[in-house]
Amino acid sequence: IEDAVRLRVGGVGREEVERRVDSILEEVGMEAIAEKRVEVLSGGQRRRLALGMELVSAPRLLLCDEVTSGLDPRAEDELTLLLRQVASRGRVVLNITHSLKHLALHDSVIVLSAGRLVYHADPKHLLHYFGIGHQEELYPRLAERAPEDWAHSWQKHKSAYYGAGPAGGGKSEEWGEGEGGLPASAWKQGLVLWRRRWRLFFRDAGQVKLQIALLLGFPALVVIFALKGLPSLRAAAEISDNAVQQMLSDFATRLDYLRVGGLVSGLIMFQVVLLTLMGSNNGAREISGERLILEKEKFSGLSPLAYVASKVGFLGVLVAVQSIWMGLFVNSVIRMPGDLVWQNGFLFLVNAAMTAVTLGISSLARTPEQSSLISVYLVGFQLPLSGAVLALPDWLGQLTRPFIASYWGWSGFLQTLQETRFYKAVTDMTQTPMMPPMTVLWVLGCHVILGLTVAYLGSRGSRWE
């Protein structure tokens with residue numbers, strides 16, 4: 001409830017927020033269980049909570065679609081009485097239901113048959129109009145005539161029932177002008193969503209454990225695969241340049257040298273591909289997994305820009321921690337030469353690029369499962385289409401490389417080794433062209449911007465599937 005107030009109502013201080021929260025909890029009859037977690041609430045209590053969230057901005061109109069369906073009889077009674085109380089405070093409550101149990105609580109009743117209006121008057125006249133002895137006989141009675149006949153009959157007789165008492169018009173308290181207030185600013189909405197996302201993250205023990213496992217496991221996996229070739233790497237790093245030139249005159253030694261180049265290239269690409277996998281895990285379900293919540297909040301004034309900004313703030317922290325830890329841990333064991341700051345920067349960008357792109361996919365996907373599947377396929381294409389292991393035909397490489405984040409991360413990382421003999425070892429064993437660092441930064445930056453733009457446009461569009 002407090003999140004809903006901060007998200008939907010602007011210009012209110014902490015004391016006013018607390019006052020509104022207390023007032024709403026009292027209105028929906030939940031003040032006694034205010035500190036309970038939602039996960040332990042019953043079905044009826046969750047419906048009360050949902051109603052309370054909608055009351056935070058003091059709406060004039062509430063559209064309630066089958067809110068009592070699936071509830072036990074007692075919970076249905078309590079919720080219907082609560083809606084009656086809400087209506088008595090000056091709001092219009094339109095309650096769509098198939099239950100005929102509480103018709104007398106409503107000011108007026110509309111009956112539809114196959115989409116046609118067949119009754120709209122005070123509920124006390126309903127039995128007389130349809131010629132039935134009990135309201136539960138209504139549906140069998142409707143089935144006796146065609147909807148068109150019922151609609152024609154109502155048009156013919158409605159004036160008499162309107163004259164017997166207008167539909168609606170029951171007594172109600174005056175609705176408080178200004179209680180709703182102005183919508184919260186986009187900046188405040190983004191901050192509220194960002195805080196809420198972190199709270200939900202730390203409450204989900206499974207998600208926290210998965211992130212820790214990826215954070216610790218993936219860098220360790222890189223080191224494990226590097227251990228066999230580590231002596232060769234360190235030996236190559238310690239040999240003087242003159243000695244290297246003499247050794248390369250021997251064919252067998254040259255093969256060892258090229259193996260070192262392949263090992264360096266493979267270790268860099270392994271880090272990059274694992275970070276793209278982390279990025280896919282970061283963003284693939286982030287929007288699609290809470291799509292219905294987003295759609296409902298947009299009706300309450302949520303800015304899609306604020307929503308995406310909150311995702312950027314949350315995912316940006318994950319990306320930074322994952323990428324920097326990967327670079328520092330692997331470097332501490334392998335002692336890769338080159339500028340560590342630039343290396344971590346390229347690792348961060350490739351992770352950010354994949355996270356942003358999968359976030360965009362998540363905003364367009366119909367289901368979380370569909371989004372995850374597409375994102376996994378996208379990661380699967382990273383290694384073969386990067387050209388880091390086997391060079392692609394020139395035409396195919398030029399066509400695919402602009403879209404393969406792992407290629408740019410790999411190429412950018414290798415540029416940090418340009419002043420070392422490892423760079424020449426890699427370029428001697430691969431036919432895939434390397435790109436200048438600034439070009440790498442520009443392309444990966446475009447990936448990030450494109451992904452976030454798609455995420456914004458996808459969040460703006462309506463998707464209720």
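Remember, predicted model here, so these are calculated numbers, not experimental data.

Along its length, the protein chain carries 21 helices and four strands. Within the protein chain, the proportion of its 465 residues that are buried is 44%. Carbon together with sulfur atoms contributes 61% to the accessible area of the protein chain, which is approximately 24,300 Å² in total.

The way to describe two aromatic rings as a pair is by their centre distance and the angle between their planes. Across all of its chains, the model carries 17 aromatic pairs by this definition. Both rings, one in Tyr 129 and one in Phe 130, keep their centres 4.9 Å apart while their planes meet at 85°; by these two values the pair is edge-to-face. Each member of the pair Tyr 129 and Phe 130 is classed as buried. In this structure an aromatic cluster arises from ring pairing among Tyr 119, Tyr 129, Phe 130, Trp 150, Trp 154 and Tyr 161. The positively charged end of Arg 145 is found above the aromatic ring belonging to Trp 150, 4.4 Å away from the centroid. Cation over ring: Arg 401 sits above Tyr 407, and NZ or CZ is 5.4 Å from the ring centre.

Across the protein chain, pLDDT averages 86, with 88% of residues at or above 70. Here residues 168-178 is a poorly scored stretch, pLDDT under 50, and it has 19 contacts once near neighbours within four places are set aside; other chains count. Segment residues 246-255: pLDDT under 50, and six contacts once partners within four positions in sequence are set aside and those in other chains are kept.

Glancing now at the environment of Gly 387. Within the element layout of this structure, Gly 387 appears in the loop between helix 17 (382-386) and helix 18 (394-400). Between the C-alpha atoms of Gly 387 and Thr 400, which are 13 residues apart in sequence, the distance is 9.9 Å. Beyond its immediate stretch of four places on either side in the chain, Gly 387 contacts Leu 392, Thr 430 and Thr 432.

About the cut-offs
Residues numbered from 1 in each chain as written. Predicted model: local features only at pLDDT ≥ 70, side-chain atom pairs only at ≥ 80, totals over all residues. Heavy atoms only, no water. Helix = DSSP H or I, 4+ residues; strand = E, 2+ residues; numbered from the N terminus. Buried < 20%, exposed > 50% of the residue type's maximum accessible area, 1.4 Å probe, protein only. Areas by Shrake-Rupley, 256 points an atom, 1.4 Å probe, with all protein chains shown as cover. Phe/Tyr/Trp six-rings, centres within 6.5 Å; stacked < 30°, edge-to-face > 60°. Lys NZ or Arg CZ within 6 Å of the ring centre and 35° of its normal. pLDDT = per-residue confidence, 0-100. Contact = heavy atoms within 4.5 Å.

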